[in-house]
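Below are the chains, spelled out letter by letter.
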Protein chains: 2
Amino acid sequence: MKSKLLLSLLALGIAGTASAQMKPEDAIKFRQSAYGAMGWSMTRIKMNLDGTFNKEDVIKSANVIQAIANSGMGSLYLPGTDKGTGWEATRAKPEIWTEKEKLGKAGGAFNREANEMAKVAATGDAAAVKEQFGRLAKTCDNCHDDFKAKR
Amino acid sequence: MKSKLLLSLLALGIAGTASAQMKPEDAIKFRQSAYGAMGWSMTRIKMNLDGTFNKEDVIKSANVIQAIANSGMGSLYLPGTDKGTGWEATRAKPEIWTEKEKLGKAGGAFNREANEMAKVAATGDAAAVKEQFGRLAKTCDNCHDDFKAKR
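This section reports on the structure supplied with the text. (Residues numbered from 1 in each chain as written. Chains lettered and ligands numbered in written order. Predicted model: local features only at pLDDT ≥ 70, side-chain atom pairs only at ≥ 80, totals over all residues. Heavy atoms only, no water.)

1. Description of the pattern of salt bridges
Residue and element names in this part refer to chain B. Enumeration according to the criterion identifies 12 salt bridges over all chains in this entry. One salt bridge connects K46 with D50, and the closest N-O pair in it is separated by 2.6 Å. In this pair, K46 and D50 both sit in helix α2 (residues 24-50), four residues apart, roughly one turn of the helix. For K46, a relative accessible area of 8% translates into the label buried. One salt bridge in this structure joins D146 and K102, with 3.7 Å as the shortest N-O distance. Linking D146 in helix α6 (residues 126-147) with K102 in helix α5 (residues 100-123), this pair joins segments that are 44 residues apart in sequence. Take K102: its relative accessible area is 41%, and that puts it in the partly exposed class. (Salt bridge = Lys/Arg side-chain N within 4 Å of Asp/Glu carboxyl O. Helix = DSSP H or I, 4+ residues; strand = E, 2+ residues; numbered from the N terminus. Buried < 20%, exposed > 50% of the residue type's maximum accessible area, 1.4 Å probe, protein only.)

Encoded structure:
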């Protein structure tokens, strides 16, 4: 018997055949979710920096960011997902599909700083975490400036 | 100068002072995001099992699930988040706050299978991934049955 989760995936039309394609609204929802999970993790690191620094909390947060940063989210920017609604209307700018080189550089910078964040978190050195958090946050900002529409 | 991301966090009221508390609607949105990111990753593993098996894709997906499974999402189930709206109205059942022992067991089972999934994914053995995926999906189902309201 298939699990209920698998039946849900089948119902979404995203599983069951080799040629199955993800629906645009699912792709948009998944990428908003991935950014949201990273938003939580960044918030959590910030709370640890501003309040009581708990090394384990910071490591867990950095690991989530690292795993998502390295997950290949580019595959969620399918053709036809420049408009549409996942959890909310996408704020992806058209430049995502037209300025590949600039996007690649922004993504690469984010990736590097996310990997570094995980390394620094593992040391438990709060001052170093603070510094690296700032560097990582800057790569988020830079990418949002160019590729995410303002509200 | 503070980064814009930091200013956003400050605006959300979740950064800036040691005693800062996360807003209930942010906690709900963050947990829905984390589940959504895992939903993407499960979907992606399933697509790899049903279509062309790409070892790297499966590893990346399993790593996201593992990092989130080990992130301590329990901290997002703050008092006052049994009702409320993040991306959508929460479907958390009251039992999350009353059946701690049952929840702990369900969470523990999910954690174990998520960690095992990451190990199995690293081997690149598609048959083993399929088997472990089924085990992991079953722990998702079990927890949803008891602790997540139906639509």
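2. Notes on the packing of aromatic side chains
Tallied over the entire structure, the rule returns three aromatic pairs over all chains. A cation over an aromatic ring shows up here: A:K29 above the ring of A:W87, its NZ or CZ 4.2 Å from the ring centre. (Phe/Tyr/Trp six-rings, centres within 6.5 Å; stacked < 30°, edge-to-face > 60°. Lys NZ or Arg CZ within 6 Å of the ring centre and 35° of its normal.)

3. A look at the nonpolar core
A:I65, A:I68, A:F110, B:I65 and B:I68 are the most contacted members of the largest nonpolar core, which totals 62 residues. Those elements giving two or more residues to this core turn out to be α2 (24-50), α3 (55-69), α5 (100-123) and α6 (126-147) of chain A together with α2, α3 (55-69), α5 and α6 of chain B. Look past the residues within four positions of A:I68 in its chain and what remains in contact with it is A:A34, A:A37, A:M38, A:M73 and B:V64. (Core = buried A, V, L, I, M, F, W, Y, C linked by side-chain atoms within 4.5 Å. Contact = heavy atoms within 4.5 Å.)

4. Considering α6(A)
All names here are of chain A. The first and last C-alpha atoms of α6 sit 31 Å apart over 22 residues, in line with the 32 Å expected at 1.5 Å per residue. Taken together, the buried positions of α6 are occupied by V129, Q132, F133, L136, A137, T139, C140, D141 and F147. The N-capping residue of α6, defined by a side-chain oxygen 3.1 Å from the backbone nitrogen of A127, is D125. (Expected span 1.5 Å × (residues − 1). Polar contact = N/O pair within 3.5 Å; in protein donor to acceptor, adjacent residues only side chain to side chain.)

5. Observations regarding the packing of α2(B) against α3(B)
All names here are of chain B. Contact geometry for α2 and α3: axes closest at 9 Å, N-to-C directions at 150°. In terms of axis orientation, α2 runs roughly antiparallel to α3. Viewed along their axes, α2 and α3 form a crossing whose handedness is left-handed. Residues A34, A37, M38, S41, M42, R44, I45 and N48 of α2 pack against D57, V58, K60, S61, A62, V64, I65, I68 and A69 of α3. (Axes fitted to C-alpha atoms, helices over the stretch in contact; angles between N-to-C directions. Parallel < 35°, antiparallel > 145°, perpendicular 65-115°, else oblique. Left-handed = near helix turned anticlockwise from the far one by under 90°.)

6. Digging into the side chain of A:S33
With respect to the helices and strands, the residue A:S33 is situated in helix α2. The class for A:S33 is buried, based on a relative accessible area of 0%.

7. Some details on the side chain of A:T81
Residue and element names in this part refer to chain A. Note that T81 resides in the loop between α3 and α4 (95-98). Given the relative accessible area of 0%, T81 is considered buried. Among the polar contacts listed, one links the side chain of T81 to the backbone oxygen of L78, at a separation of 2.5 Å. Look past the residues within four positions of T81 in its chain and what remains in contact with it is P24, A27, I28, R31, L76, T90 and W97.

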